[in-house]
Amino acid sequence: MTPTQLGEGIDRVDARVKTGGRAEYATDAAYPGLVHAVLVQSKIAAGRIAALDTAAAEAAPGVLAVIGHENAPVLHEAPDRASSLPPPPLRDDRIRYHGQTVAVVVADTFEQATEAARLVRVTYAADPPVADLDHPDAEHDHDPFGTDGGTGDVDKALEAAPVRVERTYRTAANTNNPMGPFATVACWEGDHLTVHDCTQGPSRTRADLAAALGVPPEAVRVLAPYLGGGFGAGLRTWGHTVLAAVAARQVGRPVKLVLTRKQMFTSVGHRPDTRQTVRIGATRDGRITAIDHRAWQSLSMTDINYEPVSHTSQSSYASPNITTRDVQVRLNVPAPGSMRAPGDAQGNYALECALDELAHELGMDPLELRLRNYADEHPVTGQQWSCNDLRACYETGAETFGWARRDPEPRSMRRGRTLVGYGMAGTSFFFYQADCAARVTVRADGGAVVESAGMDLGTGTYTVMTQLAAELLGLPVEGVRMVMGDSSLPAAPSAGGSGLTGAMGTAIHTASRHLLQSFLDLVRDDASPLRGVALDGVRAEGGRIVRTDDGRGEAYTAILARHGRDALSAEGSAESPGQDGAVVPTGPYAAKFAEVHVDQDLGVIRVARLVTAAHCGRILNEKTARSQLVGGTVGGIGMALLEETVTEPHTGRIANPTLGDYLVAVNADIPRLDVRFVGRPDPTTPNGTKGCGELGIPGTPAAIANAVFHATGVRVRRLPIRIEDVL
């Protein structure tokens, strides 16, 4: 490839569409005869519905239907535990959490549906909820992900270790809170359903809806070309989406259902809270001899949520003895779901804080401790990394930050009455790439169209895939149009897990190669200098296919015109690479360095600056990649100092379901965020990418917490860190 299209920080190709108000979100979908649905949600966390009185609501002006558990159609369970489909809504009279949907009201207008929803009368037979992670009656699911494991004999190694730390850490539940409330518009035309949804995976939502409704997948089309934020909330097909389709079928008209902000706290998942115990043993020169990481996290009563928390400790540092254990605790809380860097965000915080505590016990520089225990290979499996430049992240980050200026003594650095602290953490994110398909077409006018069902979460997928296709086809960026967010296109995985760039990029790479081969197969006439040339003997540049031996070639337009073709298309696919070989595919890495200022008298904590040095493989667009790491870091600052979804243990009610009470980081909370990219392309994918969208959060809370300790001498082992914790 020539280096002209990739790596440059070009503006987003969808920027003008969005800033001009032409981007079509789910709430923008309009149909003749569109009506509105509003949810009615439970006021208790446990028990059952003794009576559901809908008479007043049904008699209200404009009301078309009130659907509850007594008249809801049969909805089907998820086909397997790997599905992203939660248990069906309105399936029985049982109440499992505060905010559970107990009815949906459909009316001609949103105002009529909202008013009628207030008229639904629910009588409950309440039970005491189990809503706290430490509740003695809570049911525990051990090793729910099948990821527990390790190597060696941890207990024996810990007993023999000259230096040991054993600490317990807690992280709060966080709620995704994208700017745009989730919405669904559903329309039936005969037996065919079209859904406009706030989903991060149109292909997956199509399969989920077909399974829930008992219809063939080809009878469902899901559209999500744009999304007003998700952070993982759109990775599952939630109950309101299914109910919008149910309501539309029942009333025979298109239905729009928009969640309120309060309903966003109970209806589309959240990051589960955790309690984690980490035990580390080491020699006096800082060699780690044992790591034991155990994590407990909240889960709803009947749902599933794949979120290994302790598993990050199996691959982070070299040690001959490692054990990790995960437990999910079933509670009367809304179903958790993925929130940016699920599992790793919480697990990394505990591990990296424990390492900082070990460094303090040893009297060793925290950076030196991590460098001394860098894992040259996977500590448990012994596999070689496909590409791991974490050492370069440490070195570049430390130099950029000025780590050498750190006085190691806690509470020793000041600016007047402000305590100054330096903290750092290492981090990685697991490798993820699912199967993906794409179609590439070159038209008679020389332009190209690239199609895949995957969607742009806001991360810049439209842009980087346009750049990549332009590079592979030898076209200018403006000559390529990317079409996504439609389940009728070639199937693609959800936008999540830092995996879509690798999957879709590989599919587009394969499709582009297949397309070039199709052009070579087409030119069988003697007039073409490409006749009989093998694919490895050509390259694409300037809208042409060119021989690499003598530079002769032809334009796409000339080949298509001579053969009377309007266009030529080819498809390609990517498959998830195996994990069982001598080399294990590895995700991105980073080192985080934070400076915090703590008011000595008031205890107010401010992040003064934060440096991220990241190894994300080949960077397709530095501008969008940096934006991803900056955005994730902002979320990490929120996780460290601000964000907490508060559930009342005696009622199961979320006490702060508004953006006035649930604190998120705003501009005044965010300092200068410096991002540096280091390292090599990863050979796992043909484009050398690793992904970086999830990497911003892990490491950030730990670096901040470690800096707070360095500033104040107070070790806080729970997130978010509050003023009263350091006073």
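So, here is what we can say about the structure in this document. Given the structure is predicted, the values throughout are model-derived calculations rather than measurements.

### Some remarks on the overall build of the protein chain
Each helix and strand in the protein chain was counted, giving 16 helices and 31 strands. Over its C-alpha atoms the protein chain spans a radius of gyration of 27 Å, differing by no more than 12% from the 27 Å that the globule rule assigns to 727 residues. Its C-alpha atoms give the protein chain principal-axis dimensions of roughly 80 × 75 × 50 Å. Looking at the protein chain as a whole, 61% of its 727 residues are labelled buried. Put simply, 81% of the contacts in the protein chain that link residues at least 6 apart link residues at least 24 apart. Carbon and sulfur atoms make up 49% of the accessible area of the protein chain, which amounts to about 27400 Å² in all. Charge-centre separation for the protein chain: the mean point of 70 positive side chains lies 3 Å from the mean point of 85 negative side chains.

### Observations concerning the pattern of salt bridges
For the structure shown, the criterion picks out 46 salt bridges. Here Asp-134 and Arg-170 are joined by a salt bridge, their closest N and O atoms 2.7 Å apart. Of the two residues, Asp-134 is situated in the loop between β6 (121-126) and β7 (139-142) and Arg-170 in strand β9 (residues 163-171); the sequence distance between them amounts to 36 residues. With relative accessibility at 38%, the residue Asp-134 sits in the partly exposed group. Between Asp-303 and Arg-236 there is a salt bridge; the shortest N-O distance is 2.7 Å. With Asp-303 in the loop between β15 (288-300) and β16 (322-331) and Arg-236 in the loop between β12 (220-223) and α6 (239-251), this pair connects stretches of sequence that are 67 residues apart. The burial state of Asp-303 is the same as that of Arg-236; both residues are buried.

### Observations regarding helix α3 (residues 110-119)
Of the residues making up α3, those classed as buried are Ala-113, Thr-114, Ala-116 and Ala-117. For α3, the arc enclosing every buried residue in end-on projection is 170 degrees, short of the 170-degree limit, so these residues lie on one face. Away from its buried face by more than 90 degrees, α3 exposes Glu-111 and Arg-118. Considering only its buried residues, α3 is in contact with β1 (35-41), α2 (55-59), β3 (63-68) and β5 (101-107).

### Some details on the pairing of strand β24 (residues 544-547)
Bridge count between strand β23 (residues 538-541) and β24: four bridges; the pairing is antiparallel. From the neighbouring strand, Arg-539 faces β24, where its bridge partner is Val-546. In this structure, the hairpin formed by β23 and β24 is closed by a connection of two residues, where Gly-542 is found at a positive phi of approximately 60 degrees. Bridge count between β24 and strand β25 (residues 553-555): three bridges; the pairing is antiparallel. For Val-546, the partnering residue across the bridge sits in β25 and is Gly-553. Linking two consecutive strands that pair antiparallel, namely β24 and β25, is a turn of five residues; a positive phi of about 80 degrees is found at Gly-551 within it.

### Looking at the side chain of Asp-197
Examined against the element boundaries, Asp-197 turns out to sit in strand β11 (residues 192-197). No salt bridge is formed by the buried Asp-197; its nearest oppositely charged neighbour, Arg-204, is found at 5.9 Å. With residues near it in sequence (within four places) discarded, Asp-197 still touches Ala-26, Ala-183, Thr-184, Thr-205, Leu-223, Ala-224, His-240 and Thr-241.

### Describing the sheet that holds strand β21 (residues 448-451)
Judged by pairing direction, the sheet is mixed, and its four strands sit side by side in the order β22-β21-β20-β26 without closing on themselves. Strand pairing shows two members of the sheet lacking a second neighbour, β22 (480-483) and β26 (567-574), which therefore form its edges. Ignoring strand direction, the axes of neighbouring strands in this sheet form an average angle of 15 degrees. Relative to β22, helix α11 (residues 461-473) is tilted by about 135 degrees, and along the sheet it contacts β20 (436-443), β21 and β22. In this fold helix α12 (residues 500-522) packs onto β20, β21, β22 and β26, with an angle of close to 140 degrees to the strand it touches most, β26.

Parameters and conventions
Residues numbered from 1 in each chain as written. Predicted model: local features only at pLDDT ≥ 70, side-chain atom pairs only at ≥ 80, totals over all residues. Heavy atoms only, no water. Helix = DSSP H or I, 4+ residues; strand = E, 2+ residues; numbered from the N terminus. Rg over C-alpha atoms; globule rule 2.2 N^0.38 Å. Buried < 20%, exposed > 50% of the residue type's maximum accessible area, 1.4 Å probe, protein only. Contact = heavy atoms within 4.5 Å. Areas by Shrake-Rupley, 256 points an atom, 1.4 Å probe, with all protein chains shown as cover. Lys, Arg positive; Asp, Glu negative; His and termini not counted. Charge placed at Lys NZ, Arg CZ, Asp CG, Glu CD. Salt bridge = Lys/Arg side-chain N within 4 Å of Asp/Glu carboxyl O. Arc of directions from axis to C-beta. Pairing = 2+ DSSP bridges. Axes fitted to C-alpha atoms, helices over the stretch in contact; angles between N-to-C directions.

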